[in-house]
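The primary structure of each chain is shown beneath.
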Amino acid sequence: LRMESPVQGLFRITTADTELGGVPIPTGSYVFAVFASGNRDEAVFDTPEVFDPRRGRLRSHQAFGHGPHTCMGAPLARSVARVAIEALLERLDDIQLLDPGFVPVYDPSYIMRGMRSLPVSFSARS
């Protein structure tokens, strides 16, 4: 979720005068919060471009928002993902990319991020 967030960002309206990167942002301004950028923030994650499922602070990503904007479906999404991955690992062996040099192609969108395909090979567990 940190590396490839399905939701890249959302529009928000500022509730107070603030400043970001030296740029003043007045109350009532429309801003586009880019979660995908925050998920690669070097101040939060060591080597943010590296996928490491054993790294610390795994839940520090912004894929499900934060605080009052936390996704209500986050617990369900985590549960469904866990069940799906466990089922795949129980039933399939030797899961791998068909092309080791595979480069994903994404549907064009500023907000959503979805791969058009992920060609894999596997063998059914007997």
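Here the structure is shown first, and the text comes after it.
Residues numbered from 1 in each chain as written. Predicted model: local features only at pLDDT ≥ 70, side-chain atom pairs only at ≥ 80, totals over all residues. Heavy atoms only, no water.

**Student:** Just to check I follow, could you spell out the overall build of the protein for this structure?
**Tutor:** Across its full length, the protein holds two helices and six strands. Ordered by position in the sequence, the α and β elements of the protein form the string β-β-β-β-α-α-β-β. Here the C-alpha atoms of the protein give a radius of gyration of 18 Å, more than 25% beyond the 14 Å that 2.2 N^0.38 yields for 126 residues. If one aligns the C-alpha atoms of the protein with their principal axes, the spans along those axes are about 60 × 30 × 30 Å. Looking at the protein residue by residue over its 126 residues, the buried ones come to 17%. Within the protein, contacts between residues separated by at least 24 positions form 47% of all contacts whose residues are at least 6 apart in sequence. (Helix = DSSP H or I, 4+ residues; strand = E, 2+ residues; numbered from the N terminus. Rg over C-alpha atoms; globule rule 2.2 N^0.38 Å. Buried < 20%, exposed > 50% of the residue type's maximum accessible area, 1.4 Å probe, protein only. Contact = heavy atoms within 4.5 Å.)

**Student:** Would you mind showing me how to read the pattern of salt bridges here?
**Tutor:** Pairs can form between side chains of opposite charge whenever their charged atoms are close. Counted under the stated rule, the structure contains six salt bridges. Residues aspartate 93 and arginine 125 are paired through a salt bridge, measuring 2.6 Å at the closest nitrogen-oxygen approach. Remark: arginine 125 occurs in the segment after β6 (120–124) and aspartate 93 occurs in strand β5 (residues 92–97); sequence separation between them is 32 residues. Here arginine 125 falls in the partly exposed class, since its relative accessible area comes to 43%. For aspartate 107, the salt bridge goes to arginine 116, with nearest N and O atoms at 2.8 Å. We classify aspartate 107 as partly exposed; its relative accessible area is 42%. We classify arginine 116 as exposed; its relative accessible area is 53%. By sharing partners, the salt bridges in this structure join Glu4, Arg40, Glu49 and Arg113 into a single network. (Salt bridge = Lys/Arg side-chain N within 4 Å of Asp/Glu carboxyl O.)

**Student:** How should I be thinking about the side chain of glutamine 8 in this particular structure?
**Tutor:** Tracing the backbone shows glutamine 8 in the segment before β1 (9–13). Its relative accessible area of 15% is what places glutamine 8 among the buried residues. A polar side-chain atom of glutamine 8 sits 2.6 Å from the main-chain carbonyl oxygen of serine 5. In contact with glutamine 8, not counting residues within four places along its chain, are Ala33, Val34, Phe35, Ala36, Tyr110, Ile111, Met112 and Arg113. (Polar contact = N/O pair within 3.5 Å; in protein donor to acceptor, adjacent residues only side chain to side chain.)

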